[in-house]
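# A look at the structure
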Amino acid sequence: MKKIISLILTLLLIFPTAVFAADSNESSDSVEALTALNIIVGDESGDLMLDKGVTRAEFSTIVVRILGLSTTESKVIFTDVPLSHWANSAINSCYNIEIINGYGDGRFGPEDEITYEQAVKMITILMGYEPMAQAKGGYPSGYLAVAAQTKITNGVNNAMTREDVIKLIYNAIQSPKMSQTSFGSQEEFTIMNGKNGNDYISILTDNDIYIITGTVGERVDDTIEITATEDSDDLEFAVNKEYSFNIGASNIKDYSHQTVKAFVKKDRKEYTILFAL
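Treat the numbers as computed from the prediction; the structure is a model and nothing was measured.

## Here's the deal with the packing of aromatic side chains
Under the criterion given, the structure shown has 9 aromatic pairs. Summarising the aromatic geometry, the rings of Phe 78 and Tyr 95 are spaced 5.6 Å apart at their centres and angled 85° between planes, so their arrangement reads as edge-to-face. Residue Phe 78 is found in the loop between helix H2 (56–67) and helix H3 (88–96), and its partner Tyr 95 is found in helix H3; the two are separated by 17 residues along the sequence. Using a relative accessible area of 36% as the deciding quantity, one classes Tyr 95 as partly exposed. Relative to Tyr 243, the ring of Phe 237 has its centre 5.0 Å away and its plane inclined at 75°; by these criteria the two rings are edge-to-face. Accessibility expressed as a relative area gives 16% for Tyr 243, which makes it buried. Each member of the aromatic cluster is reached from another via a ring pair, and the members are Phe 237, Tyr 243, Phe 245 and Tyr 271. A cation sits over an aromatic face here: Lys 121 above Tyr 139, 5.2 Å from the ring centre.

This is the structure:
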C-alpha cells in the first residue's frame, strides 16, 4: 500500500463486550501508557481480561480508531458481515484501504479470533512497511521478519491475547514508520528513523507526542524540570540537557527526583507532560 496514512491517537479502543482496565496486579508500561493515552479503557466492573482473545471484527475496529477514520457507509462486502453486524462499517473501511481482504471466498470471519500473523500484517501495513514485507517474502514470513526488525513484536506472544494486542500497539506507536520518499519509475521507501538526514516519524510524533527519559528536578509553579539521561528514540531531547515542561494534569509531581519515562505533548515551542512511567 503506497499511501502512507497518518495515524491519530485521539481515540478509544473499545471492544463491544469486554474492555481493558488496569488493576493492582497489572503494572506493565504498555497498559499504563495506553490507559493514560485513552487508547484503552476499563468497563464498569474494572475487568481486565488480558488473557482473552480478540476477534477479527474487534481488531478491525481498533485499526479504524487508530487511523482516526470516519467509518465507511454500511454495505455488504463480505457474505458473513451483513448490514446488521456491529462492525460492518469498520470492516469495510479496512477493506477499502487495503488492510484486509478476507479469506478469498467472500467471507471475512468477523467472529474468528485474530491470529498473530494476521495482526502483525495489519499493523505492519499501517506503519507503511508493506513494500519491505513483500520484498522479504510476503505473507506471513515477510511481515513477521519486518515486525521483528522494527521491534514491534518485542514481548508479544503469538497467542494474541488482549495483553498481546496492547503490547503490539504500544510498540508500534513508538517505532519509526516507513514513508515513500521517491515516486514514479524510481520508487523509494525510507525508514523514518532520524538517520541519514531524515526525520524521526512515528505514530506518536505524527501527533506531536514525544518521549523523554530523565531525572525529575525542581518544580516551579506549574512547570517542572527534567534532565535527559539517555537518547530518546525520536531524537527530540539531547542527553544531559535540562528541559522545562508544563505539568498539566499529569502524574509527574509524584516522581520528584526520580528517573522517569515521560510522554509529552508539543504545542509550538511548549511541552506539556501527559503522563510519566
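The structure having been displayed, the exposition proceeds.
## Some details on the pattern of salt bridges
Enumeration over the complete set of coordinates arrives at 6 salt bridges. The partner of Arg 162 in a salt bridge is Glu 58, and the shortest N-O contact between them spans 3.8 Å. With Arg 162 in helix H7 (residues 162–174) and Glu 58 in helix H2, this residue pair connects regions lying 104 residues apart in the sequence. An identical accessibility class is assigned to Arg 162 and Glu 58; each is buried. Notably, a salt bridge pairs Lys 167 with Glu 163, separated by 3.9 Å at the nearest N-O pair.

## Observations concerning the packing of H2 against helix H4 (residues 116–126)
At a minimum axis distance of 11 Å, the contact between H2 and H4 shows a crossing angle of 15°. Relative to H4, the element H2 lies roughly parallel. Where H2 crosses over H4, the two elements pack in a sense that is right-handed. The segment H2 lies against H4, with Arg 56, Phe 59, Ser 60, Val 63 and Leu 67 engaging Gln 118, Ala 119, Met 122, Ile 123 and Leu 126. Tallied by class, residues from the contact of H2 with H4 come to 7 nonpolar, 2 polar and 1 charged.

What counts and how
Residues numbered from 1 in each chain as written. Predicted model: local features only at pLDDT ≥ 70, side-chain atom pairs only at ≥ 80, totals over all residues. Heavy atoms only, no water. Phe/Tyr/Trp six-rings, centres within 6.5 Å; stacked < 30°, edge-to-face > 60°. Helix = DSSP H or I, 4+ residues; strand = E, 2+ residues; numbered from the N terminus. Buried < 20%, exposed > 50% of the residue type's maximum accessible area, 1.4 Å probe, protein only. Lys NZ or Arg CZ within 6 Å of the ring centre and 35° of its normal. Salt bridge = Lys/Arg side-chain N within 4 Å of Asp/Glu carboxyl O. Axes fitted to C-alpha atoms, helices over the stretch in contact; angles between N-to-C directions. Parallel < 35°, antiparallel > 145°, perpendicular 65-115°, else oblique. Left-handed = near helix turned anticlockwise from the far one by under 90°. Contact = heavy atoms within 4.5 Å. Nonpolar A, V, L, I, M, F, W, Y, C, P; charged D, E, K, R; others polar.

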